[in-house]
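# Analysis of the macromolecular model
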Amino acid sequence: QVQLVESGGGLVQAGGSLRLSCVASGSIFSINVMGWYRQAPGKQRELVADITSIGITNYAEFVKGRVVISRDNAKKTVFLQMDSLKPEDTAVYYCYCNIVGRGGLKVGYWGQGTQVTVSL
């Protein structure tokens, strides 16, 4: 079994910064894409950013220039550094990992989510 544990969410004023972390553990052979999604109340879950195993990154337009995604493959951890936060960034942020198990099967996993609230 695989677990993703997120941390780093919280309440911040507009213009502030937060750094989210997500650690994967369990029966993992390797991790392909790691990413962050978010879901605001009444809205669909949307991609914020993702990163491949060799460091190729992809960002949603609404966060470009304000967010940096990175990963530590040895620690099976993905980070999301968010700066210049806006009230519209308020959402539950979910970690996503596409994991190759020790049997070779590729499966996507989600974290439990961490709340990010940006106040005026």
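Here's a quick rundown of the structure. Model, not experiment: these values are computed from the prediction.

This brings us to the pairing of strand β7 (residues 67-72). Residues V67, I69 and R71 of β7 are buried on one face, while the alternating residues V68, S70 and D72, pointing to the opposite face, are not. Here β7 folds back onto strand β8 (residues 77-82) in antiparallel fashion, the turn holding four residues, of which K76 has a positive phi close to 50°.

We now examine the state of the cysteines. Following the criterion strictly, the structure yields one disulfide and no others. Note on cysteine connectivity: C22 is disulfide-linked to C95, with sulfurs 2.1 Å apart. Between C22 and C95 the disulfide shows an S-S torsion of about -80°. By sign, it is left-handed. Remark: C95 occurs in strand β9 (residues 91-100) and C22 occurs in strand β3 (residues 18-26); sequence separation between them is 73 residues. Just as C22 is buried, C95 falls in that class too. With no disulfide partner, C97 has as its closest neighbouring cysteine sulfur the one in C95, 4.0 Å distant.

It is worth spelling out the nonpolar core at this point. If you look at the biggest cluster of nonpolar residues, it comprises 31 residues, and the most contacted ones within it are W36, L80, M82 and Y93. Not counting the four nearest positions on each side in its chain, M82 is found in contact with G16, S17, L18, L20, R66, V67, Y93 and V116.

Cut-offs used in this document
- Residues numbered from 1 in each chain as written.
- Predicted model: local features only at pLDDT ≥ 70, side-chain atom pairs only at ≥ 80, totals over all residues.
- Heavy atoms only, no water.
- Buried < 20%, exposed > 50% of the residue type's maximum accessible area, 1.4 Å probe, protein only.
- Helix = DSSP H or I, 4+ residues; strand = E, 2+ residues; numbered from the N terminus.
- Pairing = 2+ DSSP bridges.
- Disulfide = S-S within 2.5 Å.
- Core = buried A, V, L, I, M, F, W, Y, C linked by side-chain atoms within 4.5 Å.
- Contact = heavy atoms within 4.5 Å.

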